[in-house]
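One letter stands for each residue in the lines below.
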Amino acid sequence: MNETWSGVDAYFNGALAPEARDLEFILEASAAAGLPAISVSPAQGKLLALLARAIGARRVLEVGTLGGYSAAWLARALPPPTAGGTLITLELDKHHAEAARAHLAHLRLDDRVEVIVGSAIDSLAAIASEKPEPFDLVFIDADKPSNADYFARALPMTRPGGIIIVDNVVREGAVVDASSKDPGVLGVRRLVDAVAREKRVSATVVQTVGSKGYDGFLLAYVNG
Ligand code: SAH
Ligand code: DHB
Ligand code: MG
């Protein structure tokens, strides 16, 4: 991890993101519960929240909950449930899901967040079969080999003008190795091929450095 990147993140977060402090306990409690330290960074969480607000998001779908850190940023960006604010987050690991539920309840966000336990592919199929009101924003951040499957499932459930964001698409630059055998890299490259062919979206990747090292987000706008 680069010390300059972390220092710059700390400087800007201190100046611009005091609300990140309320969420720090999720990272601490997650670590204490033995969850891996792979949540989005505070600056990335705030970016997710600002994107949700910028598009007036009411309905958010997340794939990969962990301890609920990114879910908390997104849920706080939503209107109250009485105004339609709702976040559905999918998690395979029961222990992670239970930790996330406790953390979100502590922040009183449990009124607008539903954590669904199970394989995300199955949960996405179940949600689609219920023909839900479209989602405004989808955040994909689970097992990387399944990225393209999650994207394919999420796209028909996202409204035109909505956005689909995929975490960890750069992985310290490993993504450019076309001969990589790393399942994570292969998963990202399969996603990028699918997004490149997909006429319903317009996409870009934002490379990021910071307290989480060197990585990046894929942002896909669902064309109107
Ligand atoms: N979005 C979280 C971090 C998620 S880490 C944050 O930034 O705070 C990735 C999560 O995806 C882990 O909790 C892992 O258990 C979960 N996961 C892995 N494979 C999955 C699958 N097949 N279905 C659903 N969740 C899965
Ligand atoms: C890993 C997963 C993530 O979602 C992340 O943000 C960082 C690392 C991982 O599986 O190593
Ligand atoms: Mg991630």
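Reading the values: rules and limits
- Residues numbered from 1 in each chain as written.
- Chains lettered and ligands numbered in written order.
- Predicted model: local features only at pLDDT ≥ 70, side-chain atom pairs only at ≥ 80, totals over all residues.
- Heavy atoms only, no water.
- Salt bridge = Lys/Arg side-chain N within 4 Å of Asp/Glu carboxyl O.
- Helix = DSSP H or I, 4+ residues; strand = E, 2+ residues; numbered from the N terminus.
- Donors = N, O, S within 2.8 Å, 3.2 Å for Na, K, Ca; no water.
- Buried < 20%, exposed > 50% of the residue type's maximum accessible area, 1.4 Å probe, protein only.
- Near = heavy atom within 4 Å.
- Polar contact = N/O pair within 3.5 Å; in protein donor to acceptor, adjacent residues only side chain to side chain.
- Areas by Shrake-Rupley, 256 points an atom, 1.4 Å probe, with all protein chains shown as cover.
- Nonpolar A, V, L, I, M, F, W, Y, C, P; charged D, E, K, R; others polar.

Student: So what exactly am I meant to see when it comes to the pattern of salt bridges here?
Tutor: Opposite charge on two side chains lets them pair, provided their charged atoms get close. Across all of its chains, the model carries 9 salt bridges by this definition. Between Lys46 and Glu19 there is a salt bridge; the shortest N-O distance is 2.9 Å. Taken together, the residues span a long stretch of sequence, with Lys46 in helix 3 (residues 42-54) and Glu19 in the loop between helix 1 (3-16) and helix 2 (24-32) at a distance of 27 residues. Among the salt bridges present, the one from Glu133 reaches Arg58, with a minimum N-O distance of 2.5 Å.

Student: Is there a simple way to explain the coordination of the magnesium ion (ligand 3) in this structure?
Tutor: In this structure, Asp141 (OD), Asp167 (OD) and Asn168 (OD1) serve as the protein donors to the magnesium ion (ligand 3), at separations of 2.0 to 2.1 Å. Ordering the donors of the magnesium ion (ligand 3) by residue number gives the pattern D-x25-D-N. Here Asp141, found in the loop between strand 4 (135-140) and helix 7 (147-154), pairs with Asp167, found in the loop between strand 5 (158-166) and helix 8 (183-197); they are 26 residues apart in sequence, far enough to count as distant. Note on Asp141: relative accessible area 14%, which makes it buried.

Student: Quick question: what am I supposed to make of the site of ligand 2 here?
Tutor: All residues adjacent to ligand 2 are Ile38, Asp141, Lys144, Asp167, Asn168, Arg171 and Lys212. For ligand 2, an oxygen atom lies 2.7 Å from a polar atom in the side chain of Asp141. A distance of 3.3 Å separates an oxygen atom of ligand 2 from a polar atom in the side chain of Asp167. Its free accessible area being 290 Å², ligand 2 has 67% of it covered by the protein chains. Considered class by class, the residues forming the shell around ligand 2 number 1 nonpolar, 1 polar and 5 charged.

Student: Sorry if this is basic, but what is going on with the site of ligand 1 here?
Tutor: As a structural note, the neighbourhood of ligand 1 is formed by 21 residues, with Val40, Gly64, Ser70, Glu91 and His96 the closest of them. One of the backbone nitrogen or oxygen atoms of Leu66 is found 3.4 Å away from an oxygen atom of ligand 1. A distance of 3.3 Å is found between a nitrogen atom of ligand 1 and a side-chain nitrogen or oxygen belonging to Asp143.

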